[in-house]
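Topology and contacts: notes
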Amino acid sequence: MSSPAPAPSTHFIHNIILDDLKSGRAETVVTRFPPEPNGYLHIGHAKSICLNFGIVQEFGGKCFMRFDDTNPLKEDEEYEQSILEDVRWLGFDWEERLTHASDYFEQLYGYAEELIQQGKAYVDSLSAEEIRGQRGTLTEPGEDSPYRDRSMEENLTLFQRMRAGEFAEGEQVLRAKIEMVSPNLNLRDPVLYRIRKVSHQRTGTAWCLYPLYDFTHGLSDALEGVTHSLCTLEFEDHRPLYNWILDQLETPARPRQYEFSRLNLQHTVLSKRKLIQLVEEKRVAGWDDPRMPTISGLRRRGYPPEAIRRFCERIGISKAANNIDMGVLENCVREDLDPKVPRAMVVLRPLKLTITNWPEGHTEELDAPRHPKRPELGRRTVPLSKTVYIEQEDFSEEPPQGFQRLVPGGEVRLRNAYVVRCDEVVRDGSGNIVELRGTYDPDTAKGKKPEGRKVKGIIHWVSASRALPVEVRLYDRLFTAPNPGADQPEGNFLQDLNPDSREVLPQAWAEAGLAGTESGTRFQFERLGYFMTDPVDSCPEHPVFNRIVTLRDSWGGKNR
RNA sequence: UGGGGUGUAGCCAAGUGGUAAGGCAGCGGGUUUUGAUCCCGUGAUUCGCAGGUUCGAUCCCUGCCACCCCAGCCA
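Keep in mind that this is a model prediction, so the values were computed, not measured. (Residues numbered from 1 in each chain as written. Chains lettered and ligands numbered in written order. Predicted model: local features only at pLDDT ≥ 70, side-chain atom pairs only at ≥ 80, totals over all residues. Heavy atoms only, no water.)

1. Some points on the sheet that holds strand S11 (residues 346–347)
Filter applied, for reference: In short, DSSP must find at least two bridges between two strands for them to pair. Going along the chain from the N terminus, every DSSP run of H or I of four or more residues is numbered as a helix, and every run of E of two or more is numbered as a strand. Should any heavy atoms of two residues lie within 4.5 Å, those residues are considered in contact. Axis angles are defined between N-to-C directions and span 0 to 180 degrees, where every axis is a line fitted to C-alpha atoms and, for a helix, only to the segment in contact.
On the basis of which strands lie adjacent, the open sheet formed by 7 strands has the order S10-S23-S24-S25-S21-S22-S11 and mixed pairing. Two strands in the sheet have a free side with no partner beyond their single neighbour: strand S10 (343–344) and S11. Here strand S21 (residues 468–475) runs beside strand S22 (residues 502–510); their pairing, made up of 7 bridges, is antiparallel. Residue Leu468 lies in a different strand from S22, and its bridge partner there is Ala510. Strand contacts of helix H12 (residues 326–337): S10, strand S23 (522–525), strand S24 (529–533) and strand S25 (544–550), with the helix running at about 110° to S25, the strand carrying the most contacts.

Here's what the structure looks like:
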């Protein structure tokens, strides 16, 4: 059902796992994909999903699908469903391993008490501002809180009272007791717990204090038996804290964190903040707008999951900053779809061509393959009659050098049909070309070459009498600049929005056989690109096609 | 000017004290009823820069440069 899987790459994380397995440091591989349920997944997440789930498939291990839901203020149940749908759609299965950090709140609380008992954590009664004021800066050390040396008993009592709801939000926090002078800011007595008197999407009102990421993550990993905790580079600074916490506590397993660089894709944006801005300011039609780099956007556009996996394989895993060309992703789509999808002829911008020597009222049913290289995909018939639509851009009165299409007096083959010659250009009162009139060579059926002439060009067409009206939506990159905002005042990425990223053609003409196309069906419209019926707006009675990607075009003279 | 990272071809990315994989793009050619696909060929005297060690350095050492991340009771 899917194209041959690309060879798994041997990046540094792969090698680490291989070594750990070989040396016996780990018996199996256990990973996790840990999104916060506060937004939609995008192609950058796909890189992490493919890494975490993929590496485990290779070594026969397990991957947990774990929601990092420690901040009830920002998170919402509705995001969980979309995230699960996206991961599933990408082709991965967490089986029974769907977990939440909130599943461990009770155990986490216990670990926190343990830390207090060891004198490694204390309750701080400073305000958030005061704590910030004492944290120091990148170049100056921080100072100790006046509450840093409270007794273990007092800390324990205070922490228990925090849990009991005796304090207001922000009144107390639990902090790790590490060192305020560390050059690593994450080690300057980081906050472990804060009070939030809000209901949590899963635990309801059971808690009024919630653990922070640094305290939660490593312990959740340990509780799940995660062996390799893979995250992006910005957490590298957190690794000493990750290790510190696990070093203090007795846990069922000892996971290790490894970091890799996040994906950057040219001509789009992948930061949550910017994506939200696009949606909220209605620069796009929503999270699943086909121009969005979100999984839901790509899915709606028509990208197959196999193509996204292929892409993730192709770009590799490393620690170097990267800036990948959209063309790499697009090419993965072409590679995946080319051998799979049936061909069809659709004319986007019609120009009428009347075949003067064609018998009036006659229609011929031409036989054509659904796929040029895969006969097992079957055949189709395409009707041809006296008037056909051809693509406006396939005709030129003043052709540029190398133009291989129709010109006045010139010949071209109608794909799957006959060779035609253009005899006459018909104009309206304002001089616009409204019709072409020409003749066909009856002796050129089934690919037969015309006598003594070379016809290089082949163009697609649709018989006017049986043409099916369809809506076609052409999508292009969302931003004109490779790094949106990079060259704009204040980095305003919206300035680089591509005004032509979406073009709707309410009435294009498709070959008759496309009538009744079900939602979610993909085709290659010959010479134009890959298309899929829009999952939301298309129906068999009124097909709406999204352009997934154009065909490669080695002829420079065309718009894409 | 603290700490943590990264720098190998246009874009990704392996690699090792022994003379620079692979992919994508590009370019040239072939096949072709899609200017598609497919096939063949093609690029680094050089691995951010400068020194040093060595018979030999992209790899080890020293210094420098550039870029990214960190001062949430976000993740």
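Moving on, there is more to tell.
2. Observations concerning the domain arrangement of chain A
Going by this rule: The start and end points of each domain follow an automatic or database-based domain assignment. Once two parts are joined, some of their accessible surface, as seen by a 1.4 Å probe, is lost; buried area is that loss totalled over both. Basic side-chain nitrogens of Lys or Arg form a salt bridge, by our definition, when they fall within 4 Å of a carboxyl oxygen of Asp or Glu.
Along its sequence, chain A is organised into domain 1 (12–260), domain 2 (272–337 + 470–549) and domain 3 (343–466). Each of domain 2 and domain 3 has a C-alpha centre, and the two are 30 Å apart. Both sides of the domain 2 and domain 3 interface together cover about 1900 Å² of buried area, and 53% of this is carbon and sulfur. For the pair domain 2 and domain 3, the interface holds 4 salt bridges.

3. Observations regarding the protein's contact with RNA strand B
Rules: Here a residue counts as near a molecule or strand whenever at least one of its heavy atoms sits within 4 Å of it. N or O atoms within 3.5 Å of each other form a polar contact, as long as, within protein, one can give a hydrogen and the other can take it, and as long as residues adjacent in sequence are counted only when both atoms are side-chain atoms. For this classification, the nonpolar set comprises Ala, Val, Leu, Ile, Met, Phe, Trp, Tyr, Cys and Pro, the charged set comprises Asp, Glu, Lys and Arg, and every other residue, Gly included, is treated as polar.
Near RNA strand B, the surroundings consist of 65 residues, among which Thr70, Ser318, Arg343, Arg415 and Gly447 are the closest. Counting only the atoms of RNA strand B within 4 Å of the protein, the fraction contributed by sugar and phosphate is 64%. Between Arg405 and RNA strand B, the recorded distance is 2.8 Å, taken from a side-chain N or O atom to a base nitrogen. The side chain of Ser554 places a nitrogen or oxygen atom 2.6 Å from a phosphate oxygen of RNA strand B. Taken together, the elements giving at least two residues each to the surface near RNA strand B come down to helix H5 (128–134), strand S6 (191–195), helix H11 (305–315) and H12. Looking at the surface near RNA strand B, its residues break down into 22 nonpolar, 19 polar and 24 charged.

4. What to know about helix H4 (residues 105–117)
So the rule is basically this: One less than the number of residues in a helix, times 1.5 Å, gives the span that helix is expected to have. The buried label applies to any residue whose accessible area, calculated with a 1.4 Å probe on protein chains only, is under 20% of its type's maximum; exposed applies above 50%, and partly exposed to all values in between.
Here H4 is 13 residues long and its end C-alpha atoms lie 18 Å apart, about the 18 Å a rise of 1.5 Å per residue gives. Every buried residue of H4 is accounted for by Phe105, Leu108, Tyr109, Tyr111, Ala112, Glu113, Leu115 and Ile116.

5. Comments concerning the nonpolar core
Rules: Grouping buried Ala, Val, Leu, Ile, Met, Phe, Trp, Tyr and Cys residues that are joined through side-chain atoms within 4.5 Å yields what is termed a nonpolar core.
In terms of nonpolar packing, the biggest core is built from 47 residues, with Val87 and Phe311 touching the most fellow members. Sorting elements by how many residues they give to this core places helix H2 (residues 43–59) first, with 8 residues. For this core, the domains that each give at least three residues are domain 1 (12–260) and domain 2 (272–337 + 470–549). Look past the residues within four positions of Val87 in its chain and what remains in contact with it is Phe33, Leu41, Ile49, Phe53, Met65, Phe92 and Trp94. Tyr104, Val123, Ile178 and Ala222 belong to the second-largest nonpolar core, a separate cluster that totals 34 residues.

6. Things to note about helix H6 (residues 152–163)
To be explicit about the condition: This arc is taken over the directions from the axis of the helix to the C-beta atoms.
End to end, H6 covers 17 Å across 12 residues, agreeing with the expected 16 Å (1.5 Å per residue, within 8%). For H6, the full list of buried residues reads Asn155, Leu156, Leu158, Phe159 and Met162. One side of H6 holds all its buried residues, which, seen down the axis, span an arc of 165°. Close packing links the buried residues of H6 with H4, strand S4 (121–124), strand S5 (173–176), S6 and strand S7 (209–211). Phi turns positive, to about 85°, at Gly165, one or two residues after H6.

7. Some points on the packing of aromatic side chains
Quick note on the threshold: A pair of Phe, Tyr and Trp rings is counted when the ring centres sit within 6.5 Å of each other, with Trp represented by its six-membered ring. The angle between the planes then sorts it: under 30 degrees is stacked, over 60 is edge-to-face, the rest tilted. Two thresholds decide whether a charge sits over a ring: the Lys NZ or Arg CZ must be within 6 Å of the ring centre and within 35 degrees of the ring normal.
For the structure on display, the rule yields 20 aromatic pairs. Both rings, one in Tyr40 and one in Tyr79, keep their centres 5.7 Å apart while their planes meet at 85°; by these two values the pair is edge-to-face. Residue Tyr40 is located in the loop between strand S1 (30–33) and H2, and its partner Tyr79 is located in helix H3 (residues 77–89); the two are separated by 39 residues in the primary sequence. Here Tyr109 and Trp207 contribute two aromatic rings whose centre-to-centre distance is 5.8 Å and whose plane-to-plane angle is 50°, an arrangement assigned as tilted. Separated by 98 residues along the polypeptide, Tyr109 in helix H4 and Trp207 in the loop between S6 and S7 bring together distant segments of the chain. Given a relative accessible area of 4%, Tyr109 falls into the buried group. Stacked on the ring of Phe493, the Lys or Arg Lys274 has its end atom at 5.4 Å from the ring centre.

8. Quick look at the sheet that holds S6
Strand order in the open sheet formed by 4 strands is S4-S5-S6-S7, and the pairing between neighbours is antiparallel. Two strands in the sheet have a free side with no partner beyond their single neighbour: S4 and S7. Each neighbouring strand pair of the sheet contributes to a mean axis angle of 20°, computed without reference to strand direction. Both S5 and S6 contribute to a ladder of 3 bridges, which runs antiparallel. Across the sheet, the residue bridging to Val173 is Arg194, located in S6.

9. Quick notes on the pairing of strand S17 (residues 419–427)
As defined by bridge partners, strand S16 (residues 411–414) adjoins S17 across 3 bridges and the pair is classed as antiparallel. The partner of Glu411 across the bridge, within S17, is Arg421. The turn joining S16 and S17, which pair antiparallel and follow one another in sequence, is formed by 4 residues; a positive phi near 70° is taken by Asn416. Of the pairings in the sheet, the one linking S17 to strand S18 (residues 433–441) comprises 8 bridges and is antiparallel in character.

10. Some words on unusual backbone geometry
Positive phi values are uncommon outside glycine, yet Asp189 reaches one of about 45°. Tracing the backbone shows Asp189 in the loop between S5 and S6. Residue Asn416 is not a glycine yet carries a positive backbone phi of 70°. Residue position: Asn416 is located in the loop between S16 and S17.

11. A word on the environment of Glu435
The residue Glu435 is located in strand S18 in this model. Measuring from C-alpha to C-alpha, the distance between Glu435 and Glu335 comes to 37 Å, with 100 residues separating the pair along the chain. Glu435 has contacts with Leu351, Lys352, Thr354, Glu424, Val425 and Val426, leaving out every residue within four places of it along the chain. A polar atom in the side chain of Glu435 sits 2.6 Å from the side chain of Thr354. Among the polar contacts listed, one links the side chain of Glu435 to the side chain of Arg437, at a separation of 3.3 Å.

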